[in-house]
Amino acid sequence: MAKSQETFNKKEKEKKRLKKRQEKLARREERKSQPKDSFEDMIAYVDEHGNITDTPPDPTIKKQKINADLIEISIPKKGTNPLSSMRTGKIDFFNEQKGFGFIKETNSVEKYFVHVHGLIDEVHEGDLVSFELERGVKGMNAVQVRKVEPEEKSEPTEEN
């Protein structure tokens, strides 16, 4: 007689498969026996602030009427650019060989980078200048730099 082809390992695998199938059927039956959630339990509401809640909105609260014609859907109109106003300062450092320097603003302690391409007049260290600001890659840059003549304070002379 021939020996059975079924080994101990095959029997164990089949037992595990049957056990898993029975556990799956038991879980399915358990889910079917539990009461289902009602539709009202699954509904979510959005309140006036945009938050999700499970309570329905209060109908006694007065709603605001919004005129849809007043809502603008477009690019905002360009206003005045505070950076484009003329500023004054003093050349703190300027390297003529490399073509760059820094301007120290008179109204604040801010220093702004200036390049030779942003100059209108030739400048040297210590010169008073007027300039505009422009946003550069690494920060604010001074452009359209003009030399300003220092205001000379003349003392009143007494003529006798």
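Preceding block: the structure.
Report on the accompanying structure. Keep in mind the model is a prediction, meaning the values are calculated, not measured.

Here is what the cut-offs are and how they apply
Residues numbered from 1 in each chain as written. Predicted model: local features only at pLDDT ≥ 70, side-chain atom pairs only at ≥ 80, totals over all residues. Heavy atoms only, no water. 1 Å grid on protein atoms, 1.4 Å probe; cavity = no way out; pocket = protein on both sides within 12 Å on 5 of 7 lines; lining within 4 Å. Points joined across faces, edges and corners; volume = space filled by probe spheres on them. Nonpolar A, V, L, I, M, F, W, Y, C, P; charged D, E, K, R; others polar. Buried < 20%, exposed > 50% of the residue type's maximum accessible area, 1.4 Å probe, protein only. Helix = DSSP H or I, 4+ residues; strand = E, 2+ residues; numbered from the N terminus. Pairing = 2+ DSSP bridges. Axes fitted to C-alpha atoms, helices over the stretch in contact; angles between N-to-C directions.

Thoughts on the layout of surface pockets
With a probe scaled to a water molecule rolled over the atoms, the places where space remains empty come into view. Its volume calculated, the largest pocket comes out at about 310 Å³. Along its surface, the largest pocket is lined by 13 residues, and Glu48, Pro57, Asp58, Ile61 and Lys63 are the ones closest to its centre. Broken down by class, the residue content of the lining of the largest pocket amounts to six nonpolar, two polar and five charged.

Details of the pairing of strand S4 (residues 100-105)
The alternating pattern of S4 places Gly101, Ile103 and Glu105 on a buried face and Phe100, Phe102 and Lys104 on a face that is not buried. Pairing analysis gives six bridges linking strand S3 (residues 87-95) to S4, with the strands arranged antiparallel. Note on S4: the bridge partner recorded for Ile91 is Ile103. Following S3, the chain reverses through four residues before pairing antiparallel with S4; Gly99 in that reversal takes a positive phi of roughly 85°.

Let's talk about the sheet that holds S3
One closed barrel holds the five strands; their spatial order is S3-S4-S5-S7-S6, and the pairing between them is mixed. Ignoring which end each strand starts from, the neighbouring axes of this sheet average 50° apart. Note that strand S5 (residues 111-115) and strand S7 (residues 140-147) share two bridges and pair parallel. Each bridged residue has a counterpart across the sheet, and for Val114 the counterpart in S7 is Ala142.

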